[in-house]
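# Examination of the molecular architecture
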Amino acid sequence: MPIYYHSDYGGGDSHTGRIVQVVTVNKTDQDSYSMSHQSLTGTISNFSPSITVHDANNKVLVLGMITCDTSSGNYYNAIGVLLYRNGSEIGQGASSGSRRRVHSSVATAAGYYNANRGPSSGNIHFVDTPGSGTHTYSIQLSNNYAANNTIYVNDGGSQSNHITRVRTVSSFTLMEIAS
């Protein structure tokens with residue numbers, strides 16, 4: 001459930017840089033996505049906060065992290081974190097040949113000890129100028145491995161029920177900043 005904070009924003013130059021409102025979503029449930037090679041998960045469930053921007057010149061500071069892992073024991077795994085506003089991808093890296101453009105990447109704890117892996121986090125950090133109105137931000141993950149794979153959110157690739165295995169939380173925060 002989103003947590004909202006609203007200040008008594010009154011506009012004017014004296015409010016430049018002031019936090020107008022904060023919206024936070026914490027995802028504590030687990031998801032798994034069985035994926036073909038180099039495909040996308042689709043929008044991550046229960047992880048799409050919305051914010052209503054008061055002034056078209058205001059910025060939105062997008063912060064957070066998503067924790068995930070894969071089922072593969074291959075050393076060359078990486079999970080791409082893709083950031084979206086209203087269904088359009090934003091905050092991508094520069095294009096270079098056929099490389100996938102993502103917001104950030106999660107290096108998974110793969111290798112010979114894949115049965116002992118744990119999830120890792122991909123950061124979300126972007127300053128956006130979306131204009132006034134209501135905007136919904138969301139995340140998709142990409143399977144950057146050249147084979148079929150399962151991506152787990154808030155869970156490790158090992159599904160063993162043991163004290164050494166962890167369950168995590170992912171968080172997503174939007175802050176409207178007065179310009």
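Residues numbered from 1 in each chain as written. Predicted model: local features only at pLDDT ≥ 70, side-chain atom pairs only at ≥ 80, totals over all residues. Heavy atoms only, no water.

The next subject is unusual backbone geometry. The backbone phi angle of Asn 46 is positive, close to 55 degrees, even though this residue is not glycine. The exposure class of Asn 46 is exposed, given its relative accessible area of 55%. Phi at Asn 86 is positive, roughly 50 degrees, even though this residue is not glycine. Here Asn 86 shows up in the loop between β6 (78-85) and β7 (88-90). (Buried < 20%, exposed > 50% of the residue type's maximum accessible area, 1.4 Å probe, protein only. Helix = DSSP H or I, 4+ residues; strand = E, 2+ residues; numbered from the N terminus.)

Per-residue pLDDT for the protein has a mean of 84; in total, 84% of the residues score no lower than 70. Taking the mean pLDDT of every element in the protein, the minimum, 58, falls on strand β1 (residues 3-6) and the maximum, 98, on strand β4 (residues 50-53). (pLDDT = per-residue confidence, 0-100.)

The subject of this paragraph is the environment of Gly 93. When you line up the elements, Gly 93 lands in the loop between β7 and β8 (104-107). Considered as a pair, Gly 93 and His 103 are 10 residues apart in the sequence and their alpha carbons are 6.2 Å apart. With near-sequence residues (within four places) excluded, Gly 93 lies in contact with Arg 101 and Val 102. (Contact = heavy atoms within 4.5 Å.)

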